[in-house]
Amino acid sequence: MKRSVNLGNFLTGETVYNAWKRLEPFVHRTPLLTSSTTNQMVGKNVYFKMENQQKTGAFKFRGATFKLMQLPKEQLQNGVVTASAGNHAQGVAYAGAKLGVKTTIFMAEGTPLAKINATKAYGAEVVLIGESFQEAFEASLERKAETGAAYIHPFDDYDVMAGQGTIAMEMLRQEDRIDTILVPIGGGGLISGIATAAKHINRNIRVIGVQANGAAAMHKSFHHNVNEKLTSVKTIAEGIAVKQPGKNTLPVIRKYVDDIVTVCDEEIASAIVYMLERNKTLMEGAGAASLAALFKYHDRIRSRNCGVIVSGGNLDIGMLPMIQKLAGEQRIFAS
């Protein structure tokens, strides 16, 4: 039985459902894949939601598009601005190109070149600044104040969360037996939308978040009832390298998410290599985090049918030798 969940009338299951219906003509209905090898290794039926095959190569296209669809034309005349680790940038740039809206994207200097070039290819102005998302974010706010452009936050926005939550609406119609969903977390927009949607459809579905232990602000905030702000982050999963939870996402997560766990970079690298070798699928670091958690914690995760969100596949190919080396002895093979 469906139940309506509500958080201050800002994000509800109905909101996510409406976003799903509006986005349906514009987004790819990404595949839900299984792997008998993976199933045997973890003792569960595993369903990979392949958002690495979404337009622009990541789930972010959903939230960016839905947000732009909510803005009136007069508000878009000054263009839009945002900050991003890369995937949100491409989503905003692509949506802006379709709507004829000028887009300006601030990115950290360490953003993979593939993501920078792809964002520029969609017609966006790209500004590289700072060592992490936080520095880029602060610089983007200054540009917004200067120009009057509309701001498209990568995660701390209810429309963006609703757009990301459409993944769960789609996924649970592809396989309604899923009882647990593993979701990577940076600032929390993806898991906020997914958790809201999943609990709306079936309140017994468990939603487990995954962070890199080198960027685990949400993990500490969730488990210790604080709002943690890290001074620095370090992980190969740059898509979830966020120093501080969103002020809007954190309450949603506390209400609807069941647990948050962490994985190290070696485990993330091993998951990337495993999917390349076994399933011929490329995942970026953030996209591999949930699979890394499944391998690490499968004995603790009580699930018969486990969903894994593969959030993106925009990996800089030049990183592959480093990732193979990092995986090292951690590499995962079926016995």
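Residues numbered from 1 in each chain as written. Predicted model: local features only at pLDDT ≥ 70, side-chain atom pairs only at ≥ 80, totals over all residues. Heavy atoms only, no water.

Novice: Can you tell me about the overall build of the chain, naming the residues and giving the values?
Specialist: When its secondary structure is counted, the chain shows 14 helices and 12 strands. What you see for the chain is a C-alpha radius of gyration of 18 Å, in line with the 20 Å of a compact globule of 335 residues. When its C-alpha atoms are laid out on the principal axes, the chain stretches across 55 × 50 × 40 Å. Sorting the 335 residues of the chain into buried and exposed places 62% on the buried side. Sequence separation of 24 or more characterises 74% of the internal contacts of the chain that already satisfy a separation of 6 or more. (Helix = DSSP H or I, 4+ residues; strand = E, 2+ residues; numbered from the N terminus. Rg over C-alpha atoms; globule rule 2.2 N^0.38 Å. Buried < 20%, exposed > 50% of the residue type's maximum accessible area, 1.4 Å probe, protein only. Contact = heavy atoms within 4.5 Å.)

Novice: Outline the pairing of strand β9 (residues 180-184), supporting the account with residue identities and numerical values.
Specialist: Most of β9 sits out of view: five of its five residues are buried. Of the two faces of β9, the one carrying Thr180, Leu182 and Pro184 and the one carrying Ile181 and Val183 are both buried. As paired strands, β9 and strand β10 (residues 206-212) are joined by five bridges and run parallel to one another. Considered in β10, the bridge of Pro184 is made with Val210. Once you follow β9 into helix α9 (residues 189-201) and on to β10, the crossover reads as right-handed. Relative to strand β12 (residues 305-310), β9 runs parallel, the two sharing three bridges. Opposite Thr180, over in β12, you have Cys306 as the bridge partner. (Pairing = 2+ DSSP bridges. Right-handed = clockwise from strand over helix to strand, strands pointing away.)

Novice: Quick one: what's the story with the packing of helix α1 (residues 13-23) against helix α8 (residues 158-174), residue by residue and with numbers?
Specialist: Put simply, α1 and α8 touch, their axes get as near as 8 Å, and they point 80° apart. Taken together, the axis directions place α1 and α8 in an arrangement best described as roughly perpendicular. Contacts between α1 and α8 involve Gly13, Thr15, Val16, Tyr17, Ala19, Trp20 and Leu23 from the former and Ala162, Gly163, Gly165, Thr166, Met169, Glu170 and Arg173 from the latter. A breakdown of the residues in the contact of α1 with α8 according to their chemical character gives seven nonpolar, five polar and two charged. (Axes fitted to C-alpha atoms, helices over the stretch in contact; angles between N-to-C directions. Parallel < 35°, antiparallel > 145°, perpendicular 65-115°, else oblique. Nonpolar A, V, L, I, M, F, W, Y, C, P; charged D, E, K, R; others polar.)

Note that every value here comes from positions in space, so none of it alone points to a role or purpose.
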